[in-house]
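One-letter residues, chain by chain:
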Amino acid sequence: MDSSETQPLPSSDSREDTAPSTSNTSGHGGDGPKPKKVSLKRTTGEPKNVKSKKRKKPRVSQLGYRVEQGEDMLFVISSTTSQYEGGSAWKPPKKGSKKKKKLTKAKRKAGQSERKKTVRAPKPKLEVMPVEKKEKTDVTFFVPQEATDHRWGQSIPEEVLINIFQFVVIQDGAVPFLCRVGRVCRLWNAAASSAVLWRKVTIGHCWIAPGKSQQPTTEKRIKGTLTWLSLNRFSQLRDFSLYHWKKNVNYAVETVSQNAPHLRSLTLSYCAGLTVEAFHSLSLHSRSLQSINLQYSEFQVEGLLEFLESHGSQIKQMLYTHGISYNRVLAAVTRGLCPDLELLEVNTKLDSKDCELHINIQALQTACPNLKTFRMLNVRPLIKTFRNDADSTLGFPLLEELCIATTSYSYMTDKDLWDILFGSTRLRVLDLRGCSRITPSGLAALPCVELECLYWGQYFTSNVGSSSTKKGLHMLTEKWSRTLQQLDIANQLFTEEELEIAMSYFGRATEADTLRSLNLSGTRITPPALRSVIGQMTSLNYLNLSSCRYLPRGMKRIYRGQEDIRQLLDKLD
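All values reported here derive from a predicted model rather than from experimental measurement.

Asker: So what's going on with the pairing of strand S4 (residues 239–243)? Residues and values would help.
Answerer: In terms of residue burial, S4 counts as a mostly covered element, since 4 of its 5 residues are buried. When strand S3 (residues 200–203) meets S4, the two strands line up parallel, connected through 4 bridges. Within S4, the position partnered with Thr202 by the bridge is Ser241. Here S4 runs beside strand S5 (residues 265–269); their pairing, made up of 5 bridges, is parallel. In the strand pairing of S5, Tyr243 is matched with Ser269. Handedness of the crossover joining S4 and S5 through helix H12 (residues 249–259): right-handed.

If you want it as structure tokens, here you go:
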């Protein structure tokens, strides 16, 4: 073994020595000296002319890296290292060292190949092959199952699917949800076609680009869709609403009224083009109609009056926007065309100014004795009364909500309020926002003893009215401290002492604890008065203290939730 390993060494040395020895003998022309001495003195003993012949051309500057190919990758090896301070680390190799480098490189490659075979051989088996097998097994596992099994929605009973759709319809409406799910499969189509889901339908307007009109093809499709829905889905329709329709309103009302015999509520909000023919179709086919909502819509008054004369006795709810041309509607109601009316709302737009509403309260009380909700929003009611002794005991005995809120100044006085509510013992909600002429004594004289919501904030921007301080708030809190759930006295100019006394009555009614919302924005509430009401009313969820100048900084904001209000109480303590 030792002899075999040492055999290549002399052969390599002899090869390296013979090359320079031949050159030296040719140069000197005598018996050549020993090879080792000649090789050592080769450069010094050569003549100049021979040395110039063997001079090579200057080496061209090379790249700072080289690329070598391994078994499965390319190696980019830099020829410059940090140990060289100069630009290039290349040096001219010695002539006798080329073969040694070749041999050493061959040995290194052989050793690297052996290492690569031992170390990197199992890598493809461990990393690559199992991943490919998993992907193939996944594909072969799922494809046959999807091809053979049915969809999960087809295994649900139809009754359960209808109940699921019912929750979505209550939250988002029947259209377009039911129209879309009906195209999924036959089972979903059957469930979406159930008449129970189509009892309340709301349809908005078709979007049209600004400055453009509706195309004839689009109009044709709209009419076709309405006709199909009326014939196939509206057999048990109860509540139908249209919003922002400027065209085809008559066609929609006529089609729905002809195919929905159980229609009870009709809402046409922000619509235009409602004519006499639509009301005539309602009078012929909608014998169960009880509610009409025409807020912010344009309609022909003659058509509505004709409908009220023929079917006004069945109307229980009416809502419309007041205008100069609509004065006859309220006059028709006060004549007794709607004896069973329970809800009456007359409003105007927020940007309208000086909208006065002439109303005869005595005639309305006589014509609508069953009225439960009466709203006059953003109008200035001019009350006219011609009360006799026989009619003075009528009033509104069933009235539960009265709203006279306005964004501007109101002329409503204590006498006008008494003329409306003198017989309303069941009143629960009273909204007097903007009515600055109403006094605490006038409110305390009302016959209602179980008032739950009192909105008396002043929100109008004009400076008309008295700016002097008020007194008497304690009479209201003393009377309704056990029943009040919401109280709004924003921007009311009560004194600090008056507010402290009034809030103390809420603290005494600890067994009731009914107050949920309290708006004291812009008032002169003080920390002691605030502490008395917060400490006792544990059910309070909303507290507005914005713009309260008598409170320290950091407290003038809106508080929502019992935890937020409890933290405020800790700061006050």
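Asker: An account of the packing of aromatic side chains is requested, with residue identities and associated values reported.
Answerer: Scanning all chains against the criterion turns up 9 aromatic pairs. Seen from their ring centres, Phe279 and Phe299 are 6.5 Å apart, and the 70° between their planes marks the pair as edge-to-face. Remark: Phe299 occurs in the loop between strand S6 (291–294) and helix H14 (301–311) and Phe279 occurs in helix H13 (residues 276–285); sequence separation between them is 20 residues. The pair formed by Phe279 and Phe299 is uniform in burial state, with each residue classed as buried. The ring of Tyr251 is capped by Lys223, whose NZ or CZ atom sits 5.5 Å from the centre of that ring.

Asker: Tell me about the pattern of salt bridges, and name the residues and values.
Answerer: Following the criterion strictly, the structure yields 11 salt bridges and no others. Among the salt bridges present, the one from Arg375 reaches Glu401, with a minimum N-O distance of 3.1 Å. One end of the pair, Arg375, is in strand S10 (residues 373–377); the other, Glu401, is in strand S12 (residues 401–403), with 26 residues separating them in the sequence. Given the relative accessible area of 22%, Arg375 is considered partly exposed. A salt bridge links Asp564 to Arg557, with the shortest nitrogen-to-oxygen separation between them at 2.9 Å. One network of salt bridges, in which partners are shared, links Glu219, Lys223 and Lys247.

Asker: So what's going on with the nonpolar core? Residues and values would help.
Answerer: Within the largest apolar cluster, 120 residues are counted, with the highest numbers of intra-cluster contacts made by Leu430 and Leu530. For this core, the element with the highest residue contribution is H14, accounting for 5 residues. Ignoring anything within four residues of it in the chain, the contact list for Leu530 reads Leu520, Ile525, Leu543, Leu545, Leu551, Leu568 and Leu572.

Asker: I'd like a rundown of unusual backbone geometry, residues and numbers included.
Answerer: For the bond running from Val175 to Pro176, omega is 5°, close enough to zero to count as cis. Mapped onto the elements, Pro176 comes out in the loop between helix H8 (158–172) and helix H9 (177–181). Although it is not a glycine, Tyr270 sits at a positive phi angle of roughly 60°. Mapped onto the elements, Tyr270 comes out in the loop between S5 and H13. Positive phi outside glycine occurs at Tyr296, with the angle close to 60°. Structurally, Tyr296 can be placed in the loop between S6 and H14. Residue classification places Tyr296 among the partly exposed positions, given a relative accessible area of 26%.

Asker: Let's hear about the confidence of the model for the protein chain: which residues, and what values?
Answerer: On average, the protein chain scores 78 in pLDDT, and the residues at 70 or more come to 68%. Taken together, the stretch residues 1–41 has pLDDT below 50 and engages in 16 contacts with residues farther than four places along the chain or on a different chain. Counted against residues more than four places away or in other chains, residues 81–89, with its pLDDT under 50, gives 4 contacts.

Asker: Residue-level account of the packing of H12 against H13, with values.
Answerer: The N-to-C vectors of H12 and H13 enclose an angle of 5°; their axes lie 9 Å apart at closest approach. Comparing their axes, H13 and H12 come out roughly parallel. Along the contact surface, H12 presents Asn250, Val253, Glu254, Ser257 and Gln258, while H13 presents Glu277, Ala278, Ser281, Leu282 and His285. Of the residues in the contact of H12 with H13, the class split is 3 nonpolar, 5 polar and 2 charged.

How each quantity is defined
- Residues numbered from 1 in each chain as written.
- Predicted model: local features only at pLDDT ≥ 70, side-chain atom pairs only at ≥ 80, totals over all residues.
- Heavy atoms only, no water.
- Buried < 20%, exposed > 50% of the residue type's maximum accessible area, 1.4 Å probe, protein only.
- Helix = DSSP H or I, 4+ residues; strand = E, 2+ residues; numbered from the N terminus.
- Pairing = 2+ DSSP bridges.
- Right-handed = clockwise from strand over helix to strand, strands pointing away.
- Phe/Tyr/Trp six-rings, centres within 6.5 Å; stacked < 30°, edge-to-face > 60°.
- Lys NZ or Arg CZ within 6 Å of the ring centre and 35° of its normal.
- Salt bridge = Lys/Arg side-chain N within 4 Å of Asp/Glu carboxyl O.
- Core = buried A, V, L, I, M, F, W, Y, C linked by side-chain atoms within 4.5 Å.
- Contact = heavy atoms within 4.5 Å.
- pLDDT = per-residue confidence, 0-100.
- Axes fitted to C-alpha atoms, helices over the stretch in contact; angles between N-to-C directions.
- Parallel < 35°, antiparallel > 145°, perpendicular 65-115°, else oblique.
- Nonpolar A, V, L, I, M, F, W, Y, C, P; charged D, E, K, R; others polar.

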